[in-house]
Amino acid sequence: MKNIQFRQALGEAMSEEMRRDEKVFLLGEEVAEYNGAYKVSQGMLDEFGASRVIDTPIAELGFAGIAVGASMNGLRPIVEFMTWNFAILAADQIINSAAKMLQMSGGQYSCPIVFRGGNGTAGQLAATHSQSFEAFYAHVPGLKVITPSNPMDAKGLLKSAIRDDGPVVFLESEKMYGDKGDVPEGEYLIPIGVANTIKKGTHVTVVSFGKVVKVVMEAVAILEKENISVEVIDLRTIRPIDYKSIVDSVKKTNHCVVVEESWPLASISSELAYHLQHYAFDYLDAPVYRVTQTDTPFAFSPTLIEAALPSLEKIVKGIKACINRD
């Protein structure tokens, strides 16, 4: 094992895949000369050259379209968006081209492409730069959606995404790029669509994903002192969801809390609540409880930010409410 930053894990994944397959290339704003807005692609221009690490104009729709065309012709592009908030401008290419191409072409054209970049809240960036897009893209058939919560998963899942023969939306937290974690030496892959049970427990199942998993684990440490045993599942992949792991866990704990850093309406927590009432109804001793961001545009004010996010206090309170241990 080696202890490296989240950004380094992503950079290693891309570099290893570019060495393995000459069809893989990276393009996006400032990925080459500047080494990436968050230094994820540091050193890659020197190793692979300007034909495979390509700086683009500030034109998300344009370079996403170029990448979709390249993938249809046998290449494997990695598209870096400086933030997924900017990728709204490229949604037409992601949703109407990449996601639908295999079906619309009758199987003649696939799109082996990865769209990746910073996602979610990241300090005082206000409403238009603080959005979490997991549910937005998970709604679209034809896309796979991944949100890693630590450097090990980030590397293993990104390598699997690059090798996948379809379009993958890879969502990274802007606040996690500097986080450190243990990553195995040598090559490894983490399969897409398999959740990770990061802690076993008996009283309640907590399902989460992305950077808020860290806050969940802080809540679990507090609850353990009160003899509340929590099982924690990190989804890792948002589409396809590993429903079986969640249902199996709830059959054991009889309670479920879903924590996500996004709005409540049409959310991942909404989907999981439906699935559990349909496939594990007889095992639930209480309704599925969820802890989400407030149903408002994100604020700039630090006090309003704190009020909006699924905080440690809200998660602890939510888990206790679910199992009637207030």
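See above for the structure.
No experiment lies behind these values; they were computed from the predicted model shown. (Residues numbered from 1 in each chain as written. Predicted model: local features only at pLDDT ≥ 70, side-chain atom pairs only at ≥ 80, totals over all residues. Heavy atoms only, no water.)

Caption draft 1: Quick peek at the sheet that holds strand 10 (residues 204-208). With respect to topology, 5 strands assemble into an open sheet ordered 9-11-10-13-14, the strand pairing being mixed. Unpaired on one side and paired on the other, strand 9 (196-199) and strand 14 (289-291) mark the two borders of the sheet. Between one strand axis and the next, the sheet turns through 25° on average, direction left out of account. Bridge count for strand 10 against strand 11 (residues 230-234) is 5 bridges, and the pairing is parallel. Bridge pairing in strand 11 places valine 206 opposite valine 232. Strand contacts of helix 8 (residues 212-224): strand 9, strand 10, strand 11 and strand 13 (256-259), with the helix running at about 170° to strand 11, the strand carrying the most contacts. (Pairing = 2+ DSSP bridges. Helix = DSSP H or I, 4+ residues; strand = E, 2+ residues; numbered from the N terminus. Axes fitted to C-alpha atoms, helices over the stretch in contact; angles between N-to-C directions. Contact = heavy atoms within 4.5 Å.)

Caption draft 2: Representation of empty space enclosed by the protein within the structure. Counted under the stated rule, the structure contains 2 cavities of 30 Å³ or more. Reported here for the largest cavity is a volume of approximately 120 Å³. What lines the largest cavity is a set of 14 residues, among which Asn119, Glu134, Gly210, Lys211 and Glu261 lie closest to the centre. Of the residues forming the lining of the largest cavity, the biggest block, 3 residues, is contributed by strand 7 (residues 168-173). The residue makeup of the lining of the largest cavity, split by class, is 4 nonpolar, 6 polar and 4 charged. Taken as a whole, the second largest cavity spans an internal volume of roughly 30 Å³. As for the second largest cavity, its lining consists of Ala37, Tyr38, Val40, Glu80, Phe81, Met82, Arg116, Gly117, Gly118 and Tyr177. Of all the secondary-structure elements, those providing two or more residues to the lining of the second largest cavity are strand 4 (76-81) and strand 5 (114-119). (1 Å grid on protein atoms, 1.4 Å probe; cavity = no way out; pocket = protein on both sides within 12 Å on 5 of 7 lines; lining within 4 Å. Points joined across faces, edges and corners; volume = space filled by probe spheres on them. Nonpolar A, V, L, I, M, F, W, Y, C, P; charged D, E, K, R; others polar.)

Caption draft 3: Just the environment of arginine 20, in detail. Tracing the backbone shows arginine 20 in helix 1 (residues 6-20). Assessed through its relative accessible area of 45%, arginine 20 is described here as partly exposed. Separated by 3.0 Å, the side chains of arginine 20 and glutamate 17 make a polar contact. (Buried < 20%, exposed > 50% of the residue type's maximum accessible area, 1.4 Å probe, protein only. Polar contact = N/O pair within 3.5 Å; in protein donor to acceptor, adjacent residues only side chain to side chain.)

Caption draft 4: Region of the structure containing the nonpolar core. In terms of nonpolar packing, the biggest core is built from 47 residues, with Phe81, Trp84, Phe115 and Tyr137 touching the most fellow members. The leading source of residues in this core is helix 3 (residues 60-72), at 5 residues. In this structure phenylalanine 115 touches Ala64, Val68, Val79, Phe81, Trp84, Ile94, Ala98, Pro167, Val168, Val169 and Phe170, once residues within four positions along its chain are discounted. (Core = buried A, V, L, I, M, F, W, Y, C linked by side-chain atoms within 4.5 Å.)

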